[in-house]
Amino acid sequence: MPEADAKTESRRRSAQQQRSKAKVELILETTLTLLSHHSADRITTNSIAKHAGISIGTVYQYFSSKEEIFFQLYQQWLQHTIATMDRVDAEFVDELGYESYLDTLFYELSVDQKINSTGHWQLRRAMASSKELSELELEHSQRVLKRLIAFQERFGRKIEPGEATALAHFQNQVSIACLAAAAMASKLEAGETALQWCRKTLHFIFDVDKLR
């Protein structure tokens, strides 16, 4: 193939890849927006196509089902959440203490719309709807639990291994509830008060001495 033709073909493929990427992002963003207003079981590939302004055939060109869309959305959410947790962990100065650490982490996770939107919470509720989604949710939980156990060690908590895992499960569930409350805070008349309650709750459940 002549060099000029090869360059033209390369540009054509690059443009096609960009269009495909844009279509995939449109489908994902539309689905997340729909999840902000409806439960997962009320969303169909037809409704996604309609709200995205594309044909149902275009949706199926990239995704075989709505569960596959949910899977990719959850993967993105998982990666972004873990990356945020690791970034806070790497940047934090231990001398500031565990309460400051928790406040920083809670703030970073709660204000990021790529992590803590209403749509993401509907997405999380949908994770039990298929084997593949359930397995991905379990993978995420295990990664978070490891970080919560490391938090205890970082701030000098001496906890037996079995107790540390049980405590991490408890802390994870309460943290999830606090982040869900934060996602709704802007819609509440006492939103800032609710956020303060969340911060105080996190301070308490991560203070092992107070729990015992």
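**Overview of the pattern of salt bridges**
Side chains carrying opposite charge are able to pair once their charged atoms draw close together. Taken as a whole and judged by the stated rule, the model has nine salt bridges. The salt bridge partner of Arg124 is Glu137, with a shortest N-O separation of 3.3 Å. Of this pair, Arg124 sits in helix α6 (residues 118-125) while Glu137 sits in helix α7 (residues 131-154); the two residues are 13 residues apart in sequence, bridging distant segments of the chain. Put simply, Glu139 and Arg143 hold a salt bridge, and the shortest N to O gap is 3.5 Å. You can see Glu139 and its partner Arg143 sitting in helix α7, four residues apart, about one turn around the helix. Exposure remark for Arg143: the relative accessible area of 29% places this residue in the partly exposed category.

**Digging into empty space enclosed by the protein**
Per the stated rule, a full pass over the model turns up one cavity of 30 Å³ or more. As for the largest cavity, its lining consists of 21 residues, of which Met85, Leu109, Asn172, Ser175 and Leu179 are closest to the centre. Mapped onto the lining of the largest cavity, the elements with two or more residues apiece are α4 (66-91), α5 (98-111), α6, α7 and α8 (161-185). Taken together, the residues of the lining of the largest cavity sort by class into 14 nonpolar, six polar and one charged.

**A word on α6**
Here α6 lies mainly inside the structure; six of its eight residues are buried. Within the span of α6, buried status applies to Gly119, His120, Trp121, Gln122, Leu123 and Arg124.

**Observations regarding the packing of aromatic side chains**
By the definition in use, this model includes six aromatic pairs. Aromatic side chains Tyr74 and Trp77 sit 5.1 Å apart centroid to centroid with 40° between the ring planes, which places their arrangement in the tilted category. Of this pair, Tyr74 and Trp77 both sit in helix α4, three residues apart, which is roughly one turn of that helix. An identical accessibility class is assigned to Tyr74 and Trp77; each is buried. Each ring, one from Phe92 and one from Tyr101, has its centre 5.0 Å from the other, and the planes form 85°; the classification is edge-to-face. The same class applies to Phe92 as to Tyr101, namely buried.

About the thresholds
Residues numbered from 1 in each chain as written. Predicted model: local features only at pLDDT ≥ 70, side-chain atom pairs only at ≥ 80, totals over all residues. Heavy atoms only, no water. Salt bridge = Lys/Arg side-chain N within 4 Å of Asp/Glu carboxyl O. Helix = DSSP H or I, 4+ residues; strand = E, 2+ residues; numbered from the N terminus. Buried < 20%, exposed > 50% of the residue type's maximum accessible area, 1.4 Å probe, protein only. 1 Å grid on protein atoms, 1.4 Å probe; cavity = no way out; pocket = protein on both sides within 12 Å on 5 of 7 lines; lining within 4 Å. Points joined across faces, edges and corners; volume = space filled by probe spheres on them. Nonpolar A, V, L, I, M, F, W, Y, C, P; charged D, E, K, R; others polar. Phe/Tyr/Trp six-rings, centres within 6.5 Å; stacked < 30°, edge-to-face > 60°.

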